[in-house]
Amino acid sequence: MVTARHVAIIMDGNGRWATARGLPRSAGHRAGVEALRRTVRAAGDIGVEVLTVYAFSSENWSRPKSEVSDLLGLFRHFVERDLRKLHEAGVRVRMIGNRSTLAGDILTLILKAEQLTADNGKLQLNIAFNYGSRDEVARVAQQLAAEVAAGHLAVDDISEDAISSRLDTAGQPPLDLLIRTGGDRRLSNFLMWQASYAELVFTDTHWPDFGFDDLVAAVSEFSGRERRYGGLDAVKSATG
Ligand code: FPP
C-alpha cells in the first residue's frame, strides 16, 4: 500500500451521531475528540507525514452560541491537555487558519503548542481552526499586494508557487488524500487550493465512529487510484 504523505479530514457527523443516540450535540463533539486521538495515532502508525483536520471553520461562528463555546472549549482542552502526550509521541502541532481575530488566550495556547513541538518529526498535525479556504487565499492576496506595494515583489512574480509558499500549509508535502466523513460530498471551504489534485474519499461513517480501519481503508483506496495530474500517464507520487 502506498501511504499518502499528506491526509486531510473533514470530521463531519458529530451532531447526527449524538442525535441518533438521544444525546446532545456536545456529546458528539466530545466523542469526535476521541476519534481525533485515535486517528492521530493511526496516522503515525501507518506512516502518514502530515494530517490536517478541520476542527472549526471560519463559518462555524454562526452556530448557536452554546455550541460555539463547546467547540472552543474542546479545542482549548485538546491543545492544553493532549499536548504532553502529542509531544511524547513525536507529533508536531501547527494551527492553520486566521489568527488575527482569535482571542489572546487561545492564541497563547496555540503558540505554546507550536513552540514545544516544533522539532518533532514523527507526524505533523495541522489543526484547521478559524479556517476557511477563501479567507486563506484572500490573506495571501493581501500579503502579495503589500509586498508589491513595498517594492519587494514584481507583479510578474505572482505565480502559483508564490501563492503556495504563502498559504498556511507552505512548505508541507502536497495534499494527497482528502477524506470527508458523515455522508456529504462537498469541500465546505476546506483546502480548496491544496486539494486541486488530491484524491477525495467520502464515507458515510460519522466522525465519532471513525478509527484505524477506516483510515487504512481510505488510504488503500487512495493507493489504488491512478493519479495523472492532468496528463495521460499515471504518476506514482506527487512532488509539488
Ligand atoms: C462537524 O460535525 C464537526 C465540527 C463542526 C467540528 C469538528 C470538531 C471535532 C471533531 C471535535 C473538536 C476537535 C478539536 C481539535 C477540538 P457536525 O456538528 O456538523 O455534525 P452534523 O453534520 O452531524 O450536525
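Residues numbered from 1 in each chain as written. Predicted model: local features only at pLDDT ≥ 70, side-chain atom pairs only at ≥ 80, totals over all residues. Heavy atoms only, no water.

Under an unreviewed UniProt entry, the name given to the chain is Isoprenyl transferase, and the source organism is Notoacmeibacter ruber. Heading Sequence similarities (unreviewed entry) of the UniProt record for the chain holds this comment: "Belongs to the UPP synthase family." If you open the UniProt record of the chain and go to Function (unreviewed entry), you find "Catalyzes the condensation of isopentenyl diphosphate (IPP) with allylic pyrophosphates generating different type of terpenoids." (UniProt positions renumbered as here; feature names shortened; annotations may be inferred.)

**Q** Where do I start with the overall build of the chain in this structure?
**A** A count of helical and extended segments in the chain gives eight helices and six strands. Tracing the chain from N to C terminus, the helices and strands come up as β-α-α-β-α-α-β-α-β-α-α-β-β-α. Its C-alpha atoms give the chain a radius of gyration of 18 Å, near enough to 18 Å, the size a compact globule of 240 residues would have. Its C-alpha atoms give the chain principal-axis dimensions of about 55 × 45 × 35 Å. Counting over 240 residues, the chain shows a buried share of 48%. Relative to all contacts within the chain whose residues are 6 or more apart in sequence, the contacts with residues 24 or more apart total 76%. Surface accessibility of the chain: about 12100 Å² in total, with carbon and sulfur atoms responsible for 51%. Counting 29 positive and 31 negative side-chain charges, the chain places the centres of these two groups 6 Å from one another. (Helix = DSSP H or I, 4+ residues; strand = E, 2+ residues; numbered from the N terminus. Rg over C-alpha atoms; globule rule 2.2 N^0.38 Å. Buried < 20%, exposed > 50% of the residue type's maximum accessible area, 1.4 Å probe, protein only. Contact = heavy atoms within 4.5 Å. Areas by Shrake-Rupley, 256 points an atom, 1.4 Å probe, with all protein chains shown as cover. Lys, Arg positive; Asp, Glu negative; His and termini not counted. Charge placed at Lys NZ, Arg CZ, Asp CG, Glu CD.)

**Q** For this particular structure, what's the right way to read the site of the ligand?
**A** Near the ligand there are 21 residues, and of these Asp12, Gly15, Arg16, Arg25 and Arg63 occur at the shortest range. Between the ligand and Asp12, the relevant distance is 3.0 Å, taken from an oxygen atom to a side-chain nitrogen or oxygen of the residue. One of the backbone nitrogen or oxygen atoms of Gly13 is found 3.4 Å away from an oxygen atom of the ligand. Under a 2 Å grid-point criterion requiring more than half of the atoms, the pocket assigned to the ligand is the largest pocket. Of all the elements in the fold, those that place two or more residues in the shell around the ligand are α1 (14–20), α2 (25–45), β2 (50–57) and α3 (65–81). (Near = heavy atom within 4 Å. Polar contact = N/O pair within 3.5 Å; in protein donor to acceptor, adjacent residues only side chain to side chain. 1 Å grid on protein atoms, 1.4 Å probe; cavity = no way out; pocket = protein on both sides within 12 Å on 5 of 7 lines; lining within 4 Å. Sits in = over half its atoms within 2 Å of the grid points.)

**Q** I'm lost on the nonpolar core in this one. Help?
**A** Considering soluble globular proteins, one finds that nonpolar side chains tend to be buried as a cluster. One finds Val7, Ile9, Leu51, Leu177 and Leu215 to be the most contacted residues of the largest nonpolar core, which totals 45 residues. With seven residues, α3 is the largest single contributor of residues to this core. Non-local contacts of Leu51, meaning those with residues more than four positions away in its chain, are made with Val7, Ile9, Thr39, Val40, Ala43, Leu123, Gln124, Leu125 and Asn126. Formed by twelve residues, the second largest nonpolar core is a distinct cluster that contains Ile96, Phe190, Ala195 and Ala198. (Core = buried A, V, L, I, M, F, W, Y, C linked by side-chain atoms within 4.5 Å.)

**Q** Help me understand the pattern of salt bridges, please; the structure alone is not making it clear to me.
**A** Where charged atoms from two side chains of opposite charge come close, those side chains can pair. All chains considered together, the criterion is met by 19 salt bridges. Residue Arg84 pairs with Glu88 through a salt bridge whose shortest N-O separation is 3.1 Å. Taken together, the positions of Arg84 and Glu88, both in helix α4 (residues 83–88) and four residues apart, correspond to about one turn of that helix. With relative accessibility at 56%, the residue Arg84 sits in the exposed group. (Salt bridge = Lys/Arg side-chain N within 4 Å of Asp/Glu carboxyl O.)

**Q** Honestly, the side chain of Thr169 in this entry has me stumped. Any pointers?
**A** Mapped onto the fold, Thr169 is located in the loop between α7 (160–164) and β5 (177–180). Within the local environment of Thr169, its side chain forms a polar contact with the side chain of Gln194, the two groups lying 3.0 Å apart. Apart from the residues within four sequence positions on either side, Thr169 is in contact with Ile96, Glu136, Leu191 and Gln194.

**Q** Please clarify how the UniProt feature "active site" (unreviewed entry) in the chain should be interpreted in this entry.
**A** Here the UniProt feature "active site" (unreviewed entry) sits at Asp12 and Asn60. What stands out for the annotated residues spanning 49 residues is how close their C-alpha atoms remain, the widest pair being 12.5 Å apart. Lining the largest pocket, from the set of annotated residues above, are Asp12 and Asn60. Tracing the backbone shows Asp12 in the loop between β1 (6–10) and α1. What Asp12 contacts, discounting residues up to four positions off in sequence, is Arg180, Thr181, Gly182, Asp184, Thr205, His206 and Trp207. With respect to the secondary-structure elements, Asn60 resides in the loop between β2 and α3. According to the relative accessible area criterion, Asn60 is buried, its value standing at 15%. The residues contacting Asn60, other than those within four sequence positions of it, are Ala55 and Val68. A distance of 2.8 Å separates a polar side-chain atom of Asn60 from the backbone nitrogen of Ser57.

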